[in-house]
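# Examination of the molecular architecture
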Amino acid sequence: LQTLPPVQLAHKYFELFPEQKDPLWQNPCDDKRHRDIWSRDKTCDHLPKFLVIGPQKTGEKMVNLNYLNKECDPKDSVSLPFSIFNVFNSNSIFPVPRYMGFFPSPSNVTTDFLFEKSANYFHSEEAPRRAASLIPKAKFITILIDPSDRAYSWYQHQRFHEDPTALKFNFYEVITSDHWSPSELRTLQKRCLTPGWYAAHIERWLTHFATSQLLIIDGQQLRSDPATVMDEVQKFLGVSPHYNYSEALTFDPQKGFWCQLLEGGKTKCLGKSKGRKYPPMDQESRAFLSSYYRDHNVELSKLLHRLGQPLPSWLRQELQKVR
Ligand code: A3P
């Protein structure tokens with residue numbers, strides 16, 4: 001009986017089973033054999049109960065049930081550990097115990113609603129499959145705004161962070177770049193526009209999760225009426241008792257957004273990077289994006305019909321342009 005040396009054997013194995021090159025972590029507590037050998041201080045309660053998956057620049061920072069923590073009485077409040085790990089996008093092998101280590105021990109927090117927020121999960125090819133394997137019962141929250149506005153906000157975000165390509169090229173040049181454009185411009189264009197293919201990305205999540213596990217939030221409503229949206233979020237997650245966001249939030253005319261109401265009538269708003277001031281999008285770019293996203297928006301409307309969900313007003317407006 002002969003065998004190859006270990007490294008060659010491994011190469012041979014992955015030649016035969018290429019799909020196994022990307023290890024899929026399963027929930028260690030789903031299988032009794034794993035549970036039995038799992039050390040006592042590790043518990044699957046350390047895994048998140050829900051993920052806020054983005055996409056970026058839709059207001060996902062607002063869906064942070066944690067930011068009211070300090071103001072709450074721990075005995076009767078919602079208190080959610082909050083973090084950005086992007087683990088399900090990671091191409092390196094990411095050990096489950098390390099992932100669990102990011103979350104606090106359930107005995108140290110007042111709730112079992114651990115969650116993760118990574119805006120780049122939404123359009124990720126890999127994240128839904130990986131998440132479905134490790135946390136198949138988790139719930140997911142996505143927020144949608146007009147994809148054209150999202151793209152523009154994202155571009156402004158890149159400029160703010162001094163991305164050299166975003167500083168060098170104007171928005172119209174970014175969104176209309178083509179095969180002959182410099183490669184860094186094409187890359188920026190892709191990163192800017194791809195997350196806005198909403199229907200395709202949501203369908204990918206729905207091939208791995210039941211529709212009842214997904215909540216789609218209208219980002220416009222989140223911006224104008226966050227308390228109602230947060231009620232919906234709490235209902236979806238089964239949070240009890242409900243935290244009353246209408247008492248905790250107030251509209252700050254200077255910021256132009258809803259902010260946390262502090263004692264003495266002061267407000268605490270999201271940071272400078274949220275709700276930035278920048279010139280409105282030029283008409284040429286808007287027209288280009290309206291046409292660019294047309295088919296994606298039609299697909300989204302079909303998907304929302306299928307899911308029995310109302311169409312956000314921006315989508316209704318965009319669909320009228322199609323007729
Ligand atoms: P702009 O800064 O382009 O206006 P995210 O948290 O996903 O990065 O999203 C940021 C966007 O959230 C902001 O984009 C802003 O329009 C929107 N937003 C919604 N509600 C907000 C609030 N209460 N405060 C600040 N920004 C809010």
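Residues numbered from 1 in each chain as written. Predicted model: local features only at pLDDT ≥ 70, side-chain atom pairs only at ≥ 80, totals over all residues. Heavy atoms only, no water.

### Some remarks on the overall build of the protein chain
Definition in use: Helix numbers and strand numbers start at the N terminus; a helix is a DSSP run of H or I with at least 4 residues, a strand a run of E with at least 2. Burial classes follow relative accessibility: with a 1.4 Å probe on protein chains only, a residue under 20% of its type's maximum area counts as buried, one over 50% as exposed, and anything between as partly exposed. Residues are treated as being in contact if the distance between any of their heavy atoms lies within 4.5 Å. Calculation of accessible area relied on Shrake-Rupley with a 1.4 Å probe; when residues are assessed, cover is drawn exclusively from the protein chains displayed.
Looking only at helices and strands, one finds 15 helices and seven strands in the protein chain. Considering the protein chain as a whole, with its 323 residues, one finds that 44% of them fall into the buried category. Within the protein chain, counting contacts between residues at least 6 apart in sequence, those at least 24 apart form 69% of the total. Counting only carbon and sulfur atoms, one obtains 53% of the accessible surface of the protein chain, whose full area is about 17900 Å².

### Digging into the layout of surface pockets
For clarity, the cut-off: Buriedness of a pocket was judged along seven lines, with at least five required to meet protein on both sides within 12 Å; pockets are open sets of points on a 1 Å grid over the protein atoms alone, cavities are sets where a 1.4 Å probe fits but cannot get out, and lining residues have an atom within 4 Å of a point. Grid points are joined across faces, edges and corners, and a volume is the space filled by probe spheres set on the points. Gly is put with the polar residues, along with every residue not named as nonpolar or charged; the nonpolar set is Ala, Val, Leu, Ile, Met, Phe, Trp, Tyr, Cys and Pro, and the charged set is Asp, Glu, Lys and Arg.
Here the largest pocket is characterised by a volume of approximately 860 Å³. Contributing to the lining of the largest pocket are 33 residues, with Lys57, Arg223, Phe257, Gly275 and Tyr278 lying nearest its centre. The set of elements that each furnish at least two residues to the lining of the largest pocket consists of α5 (147–160), α10 (219–224) and β6 (257–261). Per element, the largest residue contribution to the lining of the largest pocket is four residues, and it comes from α10. A per-class count over the lining of the largest pocket returns 15 nonpolar, seven polar and eleven charged.

### A closer look at the state of the cysteines
Any covalent bond linking the sulfur atoms of two cysteines counts as a disulfide. Selection rule: Disulfides are defined in this document as cysteine sulfur pairs within 2.5 Å.
This structure, assessed with the given rule, holds one disulfide. Covalent S-S linkage joins Cys259 and Cys269, the inter-sulfur distance amounting to 2.1 Å. On the S-S bond that ties Cys259 to Cys269, the torsion sits near 100 degrees, and the link is right-handed. Taken as a pair, Cys259 in strand β6 and Cys269 in the loop between β7 (267–268) and α13 (283–292) lie far apart in primary sequence, ten residues in all. Residue Cys259 is classed as buried on the basis of its relative accessible area, which comes to 2%.

### Let's talk about helix α14 (residues 294–306)
Which entries qualify depends on this criterion: One less than the residue count of a helix, multiplied by 1.5 Å, gives the span that helix is expected to have. Directions drawn from the helix axis to the C-beta atoms are what define this arc.
Between its first and last C-alpha, α14 extends 19 Å over 13 residues, near the 18 Å set by a 1.5 Å rise per residue. When we look at burial in α14, the residues that qualify are Asn297, Leu300, Ser301, Leu303 and Leu304. An end-on view of α14 places all buried positions within 165 degrees of arc, on one side of the element. Seen from the buried face of α14, the exposed residues on the opposite side, beyond 90 degrees, are Asp295, His305 and Arg306. Looking at the packing, one finds that the buried side of α14 touches β3 (139–144), α5, α9 (198–206), β4 (214–218) and α15 (313–322). Phi turns positive one or two residues past the end of α14, at Gly308, with a value near 70 degrees.

### As for the sheet that holds β7
Here is the rule we go by: One requirement defines pairing of two strands: DSSP has to find at least two bridges between them.
Read across the sheet, three strands follow the order β5-β6-β7 without closing on themselves; strand pairing throughout is antiparallel. Two strands close off the open sheet at either side, each with one partner strand: β5 (249–252) and β7. As defined by bridge partners, β6 adjoins β7 across two bridges and the pair is classed as antiparallel. Within β7, the position partnered with Gln260 by the bridge is Lys268.

### Remarks on the packing of α9 against α14
Put simply, the test is: To get an axis, fit a line to the C-alpha atoms, keeping to the stretch in contact for a helix; angles then go from 0 to 180 degrees between the N-to-C directions. By definition in this entry, angles of less than 35 degrees are roughly parallel, angles greater than 145 are roughly antiparallel, angles of 65 to 115 are roughly perpendicular, and the rest are oblique.
One can describe the packing of α9 onto α14 by two numbers: an axis separation of 7 Å at closest approach and a directional angle of 40 degrees. In terms of their interaxial angle, α9 and α14 are classed as oblique. Of the residues in α14, those in contact with Tyr198, Ala199, Ile202, Glu203 and Leu206 of α9 are His296, Glu299, Leu300, Leu303 and Arg306. A per-class count over the contact of α9 with α14 returns six nonpolar, one polar and three charged.

### Some thoughts on the UniProt feature "active site" (unreviewed entry) in the protein chain
As a reminder of what qualifies: UniProt positions are given in the numbering used here, feature names are shortened, and annotations may be inferred rather than shown by experiment. For the purposes of these results, a polar contact is taken to be a pair of N or O atoms within 3.5 Å, where, inside protein, one atom must be able to donate a hydrogen and its partner to accept one; residues adjacent in sequence count only when each atom of the pair is a side-chain atom.
According to UniProt, the positions carrying the feature "active site" (unreviewed entry) are Lys57. Inspection of the secondary structure puts Lys57 in the loop between β1 (50–54) and α3 (96–102). Classification of Lys57 by relative accessible area gives buried; the value is 13%. Dropping the residues within four chain positions of it, Lys57 is found in contact with Ile145, Arg150, Ser153, Trp154, His157, Ser273, Lys274 and Arg276. Of note is the side chain of Lys57, whose polar atom sits 3.5 Å from the side chain of His157.

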